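# Coordinates in review
If you want the building blocks of each chain, they are given just below.
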Amino acid sequence: MEGLSALCTPALVVDLDKVKRNAQRMIERCQKMGVQLRPHMKTHKTLECADIMTAGSRRCIVVSTLAEAFFYAEHGFDDILYAYCLPFDKMERCAALSEKLDLFQVLLDHPDALDQLKKRPLKNGRLWHVWLKLDCGNGRAGVLHSEPGALQLAQAIAGTEGVELTGVYAHCGNTYTCKGLEQIQAVAQETTSFVLDFMEKLRAAGITCKSSIGSTPSCSHPVKDMAKLDEVHPGNYVFYDVQQSIIGSCCLDDVAVRVLSGVIGHCPHRNQLLIDCGWSGISLDGAGKLSTGYAVIEGHPNLKLLSMTQEHGRVEPISGLLDYSKYPLGSLLTLIPYHSCATAMMHPVYHIHSDGHLLGKWTPTRGW
Ligand SMILES: Cc1ncc(COP(=O)(O)O)c(C=O)c1O
């Protein structure tokens, strides 16, 4: 990483070769299954990475904020799914995108949200394209797949003038509690089966629409039945991170992002180092539960990122005494983040490299 040593730290650096490899593998996996990949942009929120994930098509993406939706729309992207429970304060902005793009899609899990759509018919005979969010065990947003209310809401959406039921969406974030292939695939299978059962109920009620499930663990190790879905929507896979390597989605070598951090202090009275990466450079995600604390410190398996304040990190050895001659002030440590989505969010710019040679910068969009 010598070429990167001139960067001001803390700096988020992205290995372009790994990004391309991770993206290509997901594209090929989905092609093999015959399922449309609709990559999620939330991890990086940049144009350049979106181009890589969509193989330059600039079509068929998922976003988690309207800021992302506008950012991508303004740069020629279309077929955008805003996969977040329709927020009532943002109705007008959703309507503007629906009236501007060929295909802007929203998501909901409550009849009140459908009422909001009814109250704001789109101009020029356009339809609201709506995905119904199902909870298939993740325990976050979504109508529980087994509740009669789920089918009733789907029927209500399909039966509303000016509104089209575009699809059924289930995010299997519960794969994040898995360890290893078997557990990941058990959750992937369960989510797929629940969604396919629901699609069957819809068909029996005379309704057809698309189906989509996904998360990085499930889409990194898909089960056969996922080929019966229309789409999958993973996102983190383009960067991966330490968390994904522990779950079993990838190996540590697949992780495309690092935070470079400078040594700024020696504290021999505590057997600790200080680095310039606090929680504002890497986030507190992971809560320090790794044996190496809040990150993996590349090339230094005996070091632990023990704790952080906003701009300081405390590093100590897992065992023994620190040899300070190995870590002079001004030297760099390379942190592999626990959760790349959270870490990337802390940085206004990402430094892109190939084999340690700086290639340029990517600037993410921010806000909601
Ligand atoms: C609604 C939704 N869809 C898709 C994804 C992508 O999943 P992953 O980050 O595991 O790739 C997320 C991630 O949080 C999500 O919240």
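Quick caveat, the model's predicted, so the values are computed rather than measured. (Residues numbered from 1 in each chain as written. Predicted model: local features only at pLDDT ≥ 70, side-chain atom pairs only at ≥ 80, totals over all residues.)

### A short note on helix H4 (residues 91-100)
Note the following rule: To sort residues by burial, count the other C-beta atoms lying within 10 Å of each one's C-beta; a count of 20 or more means buried, 12 or fewer means exposed, and anything in between means partly exposed. C-beta atoms are built from the backbone. The helix count covers DSSP runs of H or I at least four residues long, the strand count covers runs of E at least two residues long, and both are numbered beginning at the N terminus. By arc we mean the arc of the directions from the helix axis to the C-beta atoms, nothing more. Whether two residues are in contact depends on their C-beta atoms, placed from the backbone: they are in contact if these lie within 7 Å.
Residues of H4 that are buried: Cys94, Leu97 and Ser98. The arc that holds the buried residues of H4, viewed along the axis, is 100°, so those residues lie on one side. For H4, exposure combined with an orientation more than 90 degrees from the buried face picks out Glu92 and Glu99. Next to the buried residues of H4 lie helix H3 (66-74), strand E4 (78-85), strand E5 (104-108) and strand E6 (128-135).

### Points about the pairing of E5
Test applied: The rule for pairing is simple: two strands pair if DSSP sees at least two bridges between them. Classification remark: right-handed applies to a crossover when, strands pointing away from the viewer, the course from the first strand over the helix to the second runs clockwise.
Burial runs high along E5: 5 of the 5 residues are buried. Neither face of E5 is exposed, since Phe104, Val106 and Leu108 on one face and Gln105 and Leu107 on the opposite face are all buried. Alignment of E4 against E5, held across 3 bridges, turns out to be parallel. By the bridge assignment, Cys85 is partnered in E5 with Leu107. Traced from E4 through H4 to E5, the parallel crossover comes out right-handed. With 4 bridges joining them, E5 and E6 adopt parallel strand pairing. Counterpart to Val106 in the pairing with E6 is Val130. Once the chain exits E5 it traverses helix H5 (residues 111-119) before rejoining the sheet at E6, and the crossover so formed is right-handed.

Interpretation in functional terms is not warranted from these geometric data alone.
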